[in-house]
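An overview of the molecular structure
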Amino acid sequence: MWLTKKIHYFLGSKIDYFSQVHALNKFKYTKISSTANGNVKKGVIFSTYAALIGESSQTGGKYKSRIKQLLQWCGQDFDGIIIFDECHRAKNLCPSGSSKPTKTGLTVLELQNKLPKARVVYASATGASEPRNMAYMVRLAVDKRGVGVMEIVAMDLKLRGMYIARQLSFHGVTFKIDEVSLSNEFIKLYDDAVKLSSLTLLLLASLFGIALQFQTSLDDVFSAIRAINCPQKKKVLSLSLRQ
């Protein structure tokens, strides 16, 4: 079973070379193995997350949702593979504040809970900013304590062989720090730009009647400008990478 964000993500894969592939959204809302759906009893079912949460608008019928169709087709003893491609689509299973879980997150969770023997693969190139955004990854037993545990979670998953991440190598890369003197022309251009920015801030503060609120901030800005324009600091540091 292959779940992804958009259909063209799947079309570029090689899976159709060795398996019989069926699009979930093409099935009628009845048993997938029924005559109405071509007696499909094996193969790979592909679906977008939008199709996964789909429901029939017709009244009556036992299989009015895609998730019910999948669960019936797989059976309780299903031990095949479920691939959650672009799995971050289910990250809002545990939203912040008073927000409610998304239907996508709840359906992804239900699919895993109802098929406990299935082998699950989570694939995504989008990092999770907080552990709660990984709540749908129930097979990994991810802790939901705080942002500080993210690196520890990643290290632990890697050690257990449950997390694979590629990173650009810095092998053969060297760097050096060059101190570059600024020309008088560049210094004048920079000073003029600072003056223009200062005048713009004053004009905006005057127009919107909030001069007092900006006064403290402007004082800090002018102090920084004076420090930057100090003759002893007419240099800038630049980093250059070479490979």
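Source: prediction; values computed, not measured.

**Thoughts on the confidence of the model for the chain**
For the chain, mean pLDDT is 77; residues scoring 70 or higher make up 72% of the total. When mean pLDDT is taken per element in the chain, helix α4 (residues 103-114) scores highest with 94 and strand β7 (residues 235-242) scores lowest with 39. Counting interchain partners and residues more than four positions distant, the pLDDT-below-50 stretch residues 231-243 has 39 contacts.

**Here we look at the environment of Ala 154**
Assignment of secondary structure puts Ala 154 in helix α5 (residues 150-159). On the basis of relative accessible area, Ala 154 is assigned to the partly exposed category, the value being 25%. As for Ala 154 and Ile 164, which are separated by ten residues in sequence, their C-alpha atoms are 9.3 Å apart.

**Remarks on the side chain of Gln 112**
Structurally, Gln 112 can be placed in helix α4. Not counting chain neighbours up to four residues away, the residues in contact with Gln 112 comprise Phe 84, Val 120, Tyr 122, Tyr 136, Val 138 and Arg 139.

**A closer look at unusual backbone geometry**
In this model, Asn 39 sits at a positive phi of 55°, which is unusual for a non-glycine residue. Mapped onto the fold, Asn 39 is located in the loop between β2 (21-23) and β3 (44-48). At Glu 86, a position not held by glycine, the phi torsion is positive, near 50°. Topologically, Glu 86 is positioned in the loop between β4 (81-85) and α4.

**Regarding the layout of surface pockets**
The volume enclosed by the second largest pocket comes to roughly 170 Å³. As for the second largest pocket, its lining consists of eleven residues, of which Met 1, Trp 2, Gly 43, Val 44 and Ile 81 are closest to the centre. Counting residues per element, the ones that place at least two in the lining of the second largest pocket are α3 (66-74) and β4. Taken together, the residues of the lining of the second largest pocket sort by class into nine nonpolar, two polar and no charged.

**Section: a nonpolar patch on the surface**
Taken together, the side chains of Leu 203, Leu 204 and Leu 207 define a hydrophobic patch exposed on the protein surface, amounting to about 310 Å² of accessible area. Considering the arrangement of structural elements, one finds Leu 207 in helix α6 (residues 184-207). Since its relative accessible area comes to 63%, Leu 207 is described here as exposed.

**Digging into α3**
The buried count for α3 comes to seven of nine residues, which makes it a mostly enclosed element. Among all positions in α3, only Arg 66, Ile 67, Gln 69, Leu 70, Leu 71, Trp 73 and Cys 74 are buried. On its buried side, α3 packs onto β3, α2 (49-52) and α4. Looking one or two residues past α3, Gly 75 carries a phi angle of roughly 85°, positive in sign.

**Overview of the nonpolar core**
Among the nonpolar cores identified, the biggest contains 33 residues, and Ile 32, Ile 82, Phe 84, Leu 111, Leu 115, Tyr 122 and Tyr 136 are the most heavily contacted of them. The set of elements that each furnish at least two residues to this core consists of α2, α3, β4, α4, β5 (119-123) and α5. With five residues, α3 is the single largest residue contributor to this core. Apart from the residues lying within four places of it in its own chain, the contact partners of Ile 82 are Met 1, Leu 111, Leu 115, Ala 118, Arg 119, Val 120 and Val 121.

How each quantity is defined
- Residues numbered from 1 in each chain as written.
- Predicted model: local features only at pLDDT ≥ 70, side-chain atom pairs only at ≥ 80, totals over all residues.
- Heavy atoms only, no water.
- pLDDT = per-residue confidence, 0-100.
- Helix = DSSP H or I, 4+ residues; strand = E, 2+ residues; numbered from the N terminus.
- Contact = heavy atoms within 4.5 Å.
- Buried < 20%, exposed > 50% of the residue type's maximum accessible area, 1.4 Å probe, protein only.
- 1 Å grid on protein atoms, 1.4 Å probe; cavity = no way out; pocket = protein on both sides within 12 Å on 5 of 7 lines; lining within 4 Å.
- Points joined across faces, edges and corners; volume = space filled by probe spheres on them.
- Nonpolar A, V, L, I, M, F, W, Y, C, P; charged D, E, K, R; others polar.
- Patch = residues over 30% accessible without salt bridge, like charges linked within 9 Å, V, L, I, M, F, W, Y side chains within 5 Å.
- Areas by Shrake-Rupley, 256 points an atom, 1.4 Å probe, with all protein chains shown as cover.
- Salt bridge = Lys/Arg side-chain N within 4 Å of Asp/Glu carboxyl O.
- Core = buried A, V, L, I, M, F, W, Y, C linked by side-chain atoms within 4.5 Å.

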